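# Results of the structural survey
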Amino acid sequence: MPEPKIAAEVLEYVTRNRPDGTSQVAPATRLLEDGVIDSLGLLDLVAFVEEQYGIYVDDFEVDLDNFGSAEAVERYVRSKM
């Protein structure tokens, strides 16, 4: 069975939890910089990633390199697995 695409799962989570209900978010969309999520949304996303993929995210790892887009989150999660 093929491995699920992490970026797609992250996008589904983000769009499901957007306050305005819009879903125009692509894998490369800059989540914080483009206003898709705010700092509280980032913390929620980190909690989702930890629970969904069974990994621990250290405070210093919460940055734009790892959580700037759904693609970045996928790279980060795969590096932790």
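Residues numbered from 1 in each chain as written. Predicted model: local features only at pLDDT ≥ 70, side-chain atom pairs only at ≥ 80, totals over all residues. Heavy atoms only, no water.

## Describing the packing of aromatic side chains
- By the definition in use, this model includes 3 aromatic pairs.
- For the ring pair Tyr-13 and Phe-48, a centre distance of 4.2 Å and an interplane angle of 10° mean the geometry is stacked. You can see Tyr-13 sitting in helix α1 (residues 6-16) and its partner Phe-48 sitting in helix α2 (residues 39-53), a full 35 residues away along the chain.
- The class for Tyr-13 is buried, based on a relative accessible area of 14%.
- For the ring pair Phe-67 and Tyr-76, a centre distance of 5.3 Å and an interplane angle of 50° mean the geometry is tilted.
- Judged by relative accessible area, Phe-67 falls into the buried class, the value being 0%.
- A relative accessible area of 4% means that Tyr-76 is categorised as buried.
- Members of the aromatic cluster, each reached through a chain of ring pairs, are Tyr-13, Phe-48 and Tyr-53. (Phe/Tyr/Trp six-rings, centres within 6.5 Å; stacked < 30°, edge-to-face > 60°. Helix = DSSP H or I, 4+ residues; strand = E, 2+ residues; numbered from the N terminus. Buried < 20%, exposed > 50% of the residue type's maximum accessible area, 1.4 Å probe, protein only.)

## Points about the pattern of salt bridges
- One pass over the structure, following the stated rule, counts 6 salt bridges.
- Among the ionic pairs, Glu-74 bridges to Lys-5, the shortest N-O distance being 3.6 Å. Linking Glu-74 in helix α4 (residues 70-80) with Lys-5 in the segment before α1, this pair joins segments that are 69 residues apart in sequence.
- What makes Lys-5 exposed here is its relative accessible area of 52%.
- Among the salt bridges present, the one from Lys-80 reaches Glu-61, with a minimum N-O distance of 3.4 Å. Taken together, the positions of Lys-80 in helix α4 and Glu-61 in the loop between α2 and α3 (64-67) put the pair 19 residues apart, joining distant regions of the chain.
- Of the residues examined, Glu-61 reaches a relative accessible area of 13% and is grouped as buried. (Salt bridge = Lys/Arg side-chain N within 4 Å of Asp/Glu carboxyl O.)

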